[in-house]
Amino acid sequence: MIIIIKKNADEAQVENLKTLLRSKHIEPHVSKGSLQTLIGCVGDVAHLDPGLIEALDVVESVQRIQEPYKAANRKFHPDDTVVDCAGAKIGGGHFGVIAGPCSVESEEQIVGIARAVKAAGAAMLRGGAFKPRTSPYSFQGLGADGLKMLSVAKKETGLPIVTELMDFKDIELFNDVDVIQIGARNMQNFQLLKEVGSYTTKPVLLKRGMSATLQELLMSAEYVMSSGNPNVILCERGIRTFETALRNTLDLGVVPLLHRLSHLPVIVDPSHATGYAYMVDAVSVAAAAIGADGLIIEVHNDPPHAKCDGAQSQTPEMFAGTMRKISALRKSLFNA
Ligand code: PEP
Ligand code: MN
């Protein structure tokens, strides 16, 4: 962090500022130019509020030169993190596809879809049991019963299961869950992030909030990691913009940018990003081509009758076609 001192600043005020910085375990390095005086801050500035310093009379402005996230930052962890999801690896060249319905609807439905997506090459099964619905009148998910059905599908197919935790009070029901999804609407539920991070080292799939900046996404990852869980997978699932023609606007360029900023794996959700099943194939291919570490795709055996997100759900046949294309693309682009 660099503090720019106001012209004609009083020497005593500068000394007071240096004392304040030292009290916060930061060593101030003053450099006096003919036009401007700067103070370079050496030490851990993560706990220093730049706004507090900027509010001081003697200070012209404050510039951060280091990102506020440490655990998620590639600068401090140059190698890609590989997250092991009960044997399915994601990141560092390992590409994994998570597939399944938006919501678990019955044992027969989830077991059938699990078999179909496994046959097509999915590495993990998704299915919501606790659903964050915009309307309280919409299907809210089967809750604990849905989790039991996911366990049956896991037993039948061997696929690790990914499902959303909305409220930490339900965590004990998640013993058989392999990856805990934190949804877009809860990305900044800091209490939930801290509770999950300190309770378990199971992988956490952290979806980007619909109006979250990348820094906010990485700070949310930081909450989980600094609480004790290093196994975070980031997920771009579209953001809200002026465009209403699609459900969300897929911000695909964040994949290489997140890879530059962070060592964490980045996956893409083409289903929530677009809202339309016919687009999911093309967008999945684009996401794989740009270097995503995986995908999370909604697949339903009977989309017109799905209890949730049928319009964006691929049929198992569509999904199998997408998997074939991705495999061919990854072979030709990445020799994978
Ligand atoms: C989901 O994956 O079913 C979901 C609700 O996603 P998001 O949190 O990204 O809206
Ligand atoms: Mn959904």
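Now for a quick tour of the structure. A quick note: this is a predicted structure, and the numbers were derived from the prediction, not measured.

**A word on the packing of helix H3 (residues 107-120) against helix H4 (residues 144-157)**
When two helices pack together, their arrangement is given by the angle between the helix axes and by the axis-to-axis distance. Relative to each other, H3 and H4 sit at 35°, their axes nearing to 9 Å. Crossing of H3 against H4: the hand is right-handed. Contacts between H3 and H4 pair Glu-107, Ile-110, Val-111, Ala-114, Arg-115 and Lys-118 from the former with Met-149, Leu-150, Val-152, Ala-153, Glu-156 and Thr-157 from the latter. Each residue belonging to the contact of H3 with H4 can be placed in one class, and the counts come to seven nonpolar, one polar and four charged.

**Quick look at the pairing of strand S2 (residues 27-32)**
Relative to strand S3 (residues 37-42), S2 runs antiparallel, the two sharing six bridges. Bridge pairing in S3 links Ser-31 to Leu-38. Counting the residues that bridge the hairpin from S2 to S3 gives four residues.

**Looking at the layout of surface pockets**
In this structure, the largest pocket spans a volume of roughly 350 Å³. Counted by class, the lining of the largest pocket contains five nonpolar, seven polar and ten charged residues.

**Digging into the sheet that holds S3**
In space, the four strands of this open sheet follow the order S2-S3-S1-S4, with antiparallel pairing throughout. Strands at the two margins of the open sheet, each flanked by one partner only, are S2 and strand S4 (59-63). Averaged over all neighbouring strand pairs, the angle between strand axes comes to 20°, with direction disregarded. Sheet topology places strand S1 (residues 2-5) next to S3; four bridges connect them, and they run antiparallel. Paired with Ile-3 across the two strands is Ile-39, which belongs to S3. Here helix H1 (residues 11-23) sits on the sheet and contacts S1, S2, S3 and S4; the angle it forms with S2, its principal contact strand, is near 150°.

**A closer look at the site of ligand 1**
Taken together, 13 residues are adjacent to ligand 1, and Arg-126, Lys-131, Ala-184, Arg-185 and Arg-237 come closest. Gln-181 has a polar side-chain atom sitting 2.9 Å from an oxygen atom of ligand 1. Relative to its free-state accessible area of 300 Å², ligand 1 is covered by the protein chains to the extent of 97%. Spatially, ligand 1 is embedded in the largest pocket. Counted by class, the shell around ligand 1 contains three nonpolar, three polar and seven charged residues.

**Some remarks on the coordination of the manganese ion (ligand 2)**
Bound to the manganese ion (ligand 2) on the protein side are Cys-102 (SG), His-272 (NE2), Glu-298 (OE) and Asp-309 (OD), at distances that span 2.0 to 2.4 Å. Look at where the donors of the manganese ion (ligand 2) fall in the sequence and you get C-x169-H-x25-E-x10-D. Here Cys-102 is found in the loop between strand S7 (96-100) and H3, whereas its partner Glu-298 is found in strand S14 (residues 294-298), with 196 residues between them in sequence. Each member of the pair Cys-102 and Glu-298 is classed as buried.

**Here's the deal with the packing of helix H9 (residues 277-290) against helix H10 (residues 316-334)**
The N-to-C vectors of H9 and H10 enclose an angle of 20°; their axes lie 9 Å apart at closest approach. In terms of orientation, H9 lies roughly parallel with respect to H10. Here H9 runs over H10; the crossing is right-handed. Every residue of H10 that contacts H9 at Ala-277, Tyr-278, Asp-281, Ser-284, Val-285, Ala-288 and Ala-289 is listed here: Met-318, Gly-321, Thr-322, Lys-325, Ile-326, Leu-329, Leu-333 and Phe-334. Classifying every residue of the contact of H9 with H10 gives ten nonpolar, three polar and two charged.

**What to know about the packing of aromatic side chains**
Under the counting rule described, the total for this entry stands at four aromatic pairs. For the ring pair Phe-168 and Tyr-199, a centre distance of 5.5 Å and an interplane angle of 85° mean the geometry is edge-to-face. Of this pair, Phe-168 sits in the loop between strand S9 (161-164) and strand S10 (179-182) while Tyr-199 sits in helix H5 (residues 190-199), and the two are 31 residues apart along the sequence. Residue Tyr-199 is classed as partly exposed on the basis of its relative accessible area of 42%. Directly above the ring of Phe-139 sits Lys-307, whose terminal nitrogen or CZ lies 5.1 Å from the centroid.

**Description of the pattern of salt bridges**
According to the stated counting rule, one finds 17 salt bridges in the structure shown. Taking the shortest distance from any N to any O, the salt bridge between Lys-32 and Glu-11 comes out at 3.6 Å. Pair noted here: Lys-32 is in strand S2 and Glu-11 is in helix H1, with a separation of 21 residues, a long-range link. Residue classification places Lys-32 among the exposed positions, given a relative accessible area of 60%. For Glu-11, a relative accessible area of 44% gives the class partly exposed. Bridged by salt links that share partners, the residues Lys-154, Asp-176 and Asp-178 form one connected network.

Each value, and the rule that gives it
Residues numbered from 1 in each chain as written. Chains lettered and ligands numbered in written order. Predicted model: local features only at pLDDT ≥ 70, side-chain atom pairs only at ≥ 80, totals over all residues. Heavy atoms only, no water. Axes fitted to C-alpha atoms, helices over the stretch in contact; angles between N-to-C directions. Helix = DSSP H or I, 4+ residues; strand = E, 2+ residues; numbered from the N terminus. Left-handed = near helix turned anticlockwise from the far one by under 90°. Contact = heavy atoms within 4.5 Å. Nonpolar A, V, L, I, M, F, W, Y, C, P; charged D, E, K, R; others polar. Pairing = 2+ DSSP bridges. 1 Å grid on protein atoms, 1.4 Å probe; cavity = no way out; pocket = protein on both sides within 12 Å on 5 of 7 lines; lining within 4 Å. Points joined across faces, edges and corners; volume = space filled by probe spheres on them. Near = heavy atom within 4 Å. Polar contact = N/O pair within 3.5 Å; in protein donor to acceptor, adjacent residues only side chain to side chain. Areas by Shrake-Rupley, 256 points an atom, 1.4 Å probe, with all protein chains shown as cover. Sits in = over half its atoms within 2 Å of the grid points. Donors = N, O, S within 2.8 Å, 3.2 Å for Na, K, Ca; no water. Buried < 20%, exposed > 50% of the residue type's maximum accessible area, 1.4 Å probe, protein only. Parallel < 35°, antiparallel > 145°, perpendicular 65-115°, else oblique. Phe/Tyr/Trp six-rings, centres within 6.5 Å; stacked < 30°, edge-to-face > 60°. Lys NZ or Arg CZ within 6 Å of the ring centre and 35° of its normal. Salt bridge = Lys/Arg side-chain N within 4 Å of Asp/Glu carboxyl O.

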